[in-house]
Amino acid sequence: MNEIYFAGGCFWGTEHFFKQIKGVVGTEVGFANGKTPNPTYKEVYTDQTGYAETVHVTYDEQVVSLEFLLNMFFKAIDPTSLNRQGHDEGTRYRTGVYFTSADQLPVIDRVFAEQQALLSQPIAVEKLPLRNFYTAEEYHQDYLDKNPDGYCHLPISLFEFARQANA
């Protein structure tokens, strides 16, 4: 199994999106690349900790590639928006790809370059090694499965798109 970390705005919708993709075998929401140990959601919400709401994605590379996941990520975000996705604003909602292995970087660089070529504005997505990740409180895990009518900045049609994307 391989892993990658995606910050795509509110982690509830980002997690639900990735869970739909065939080959994703696990997701976990939490906080990445901040400056305080063991942050709580309440602390991260203040935008004083430096963390981004992030989804840890574990995937089976025999079924789905990192390149595919990265391209799907770009379909679920506004890559030119800084510290904002949908109605959610703040540094905790910034977008980012946080990698755990240097061998992931060439694939990430290639997809970023391909995506940038499609845009007229610069990409505002962080591309950094994962420095730290802390799991969010249990009630945030699988939030949209537990709360089907819960808030989500992503359109429902995007979840269906993800289910069919590599089926």
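These numbers were taken from a predicted model, which means no experiment stands behind them. (Residues numbered from 1 in each chain as written. Predicted model: local features only at pLDDT ≥ 70, side-chain atom pairs only at ≥ 80, totals over all residues. Heavy atoms only, no water.)

Caption draft 1: The arrangement of the sheet that holds strand 7 (residues 126-129) in detail. Within the open sheet, the six strands sit side by side as 7-6-1-3-2-8. Their pairing is mixed. This sheet does not close on itself; its edge strands, each paired only once, are strand 7 and strand 8 (133-135). On average, each strand axis in the sheet is inclined to that of its neighbour by 35°, with strand direction left out of account. Sheet analysis places strand 2 (residues 24-32) next to strand 3 (residues 52-59), joined by eight bridges and oriented antiparallel. Considered in strand 3, the bridge of Ala32 is made with Ala52. Strands in contact with helix 3 (residues 66-76) are strand 1 (2-8), strand 2, strand 3 and strand 6 (95-99); relative to strand 1, the strand with the most contacts, it is inclined by about 10°. (Pairing = 2+ DSSP bridges. Helix = DSSP H or I, 4+ residues; strand = E, 2+ residues; numbered from the N terminus. Axes fitted to C-alpha atoms, helices over the stretch in contact; angles between N-to-C directions. Contact = heavy atoms within 4.5 Å.)

Caption draft 2: Summary view of the environment of Ala102. In this structure, Ala102 sits in the loop between strand 6 and helix 4 (105-117). Judged by its relative accessible area of 65%, Ala102 falls in the exposed class. Counting along the chain gives 27 residues from Ala102 to Pro129, while the straight-line C-alpha distance between them is 8.2 Å. (Buried < 20%, exposed > 50% of the residue type's maximum accessible area, 1.4 Å probe, protein only.)

Caption draft 3: Looking closely at the packing of aromatic side chains. Enumeration over the complete set of coordinates arrives at 11 aromatic pairs. Between Phe17 and Phe18 the ring centres are 5.2 Å apart and the planes differ by 80°, which places this aromatic pair in the edge-to-face class. On the accessibility criterion, Phe17 (0% relative accessible area) is buried. Of the residues examined, Phe18 reaches a relative accessible area of 0% and is grouped as buried. With 5.8 Å between their ring centres and 40° between their planes, Tyr41 and Tyr45 make a pair best called tilted. Note that Tyr41 and Tyr45 are positioned in helix 2 (residues 41-45) at a spacing of four residues, about one turn of the helix. For Tyr45, a relative accessible area of 43% puts it in the partly exposed group. (Phe/Tyr/Trp six-rings, centres within 6.5 Å; stacked < 30°, edge-to-face > 60°.)

Caption draft 4: Highlighting helix 6 (residues 156-165). The complete set of buried residues in helix 6 reads Leu158, Phe159 and Ala162. Buried residues of helix 6 fall within an arc of 105° about the axis and therefore sit on the same side. Looking at helix 6, the residues exposed on the side facing more than 90 degrees away from the buried face are Ile156, Ser157 and Gln164. Looking at the buried residues of helix 6, the elements they touch are helix 1 (11-19), helix 3 and helix 5 (143-146). (Arc of directions from axis to C-beta.)

Caption draft 5: Focus on the packing of helix 3 against helix 6. Remark: helix 3 packs on helix 6, axes separated minimally by 11 Å, with the N-to-C direction vectors making an angle of 165°. Classed by the angle they form, the pair helix 3 and helix 6 counts as roughly antiparallel. Crossing handedness for the pair helix 3 and helix 6: right-handed. Every residue of helix 6 that contacts helix 3 at Phe68, Met72, Lys75 and Ala76 is listed here: Leu158, Phe161, Ala162 and Ala165. Here the residues of the contact of helix 3 with helix 6 sort into seven nonpolar, no polar and one charged. (Parallel < 35°, antiparallel > 145°, perpendicular 65-115°, else oblique. Left-handed = near helix turned anticlockwise from the far one by under 90°. Nonpolar A, V, L, I, M, F, W, Y, C, P; charged D, E, K, R; others polar.)

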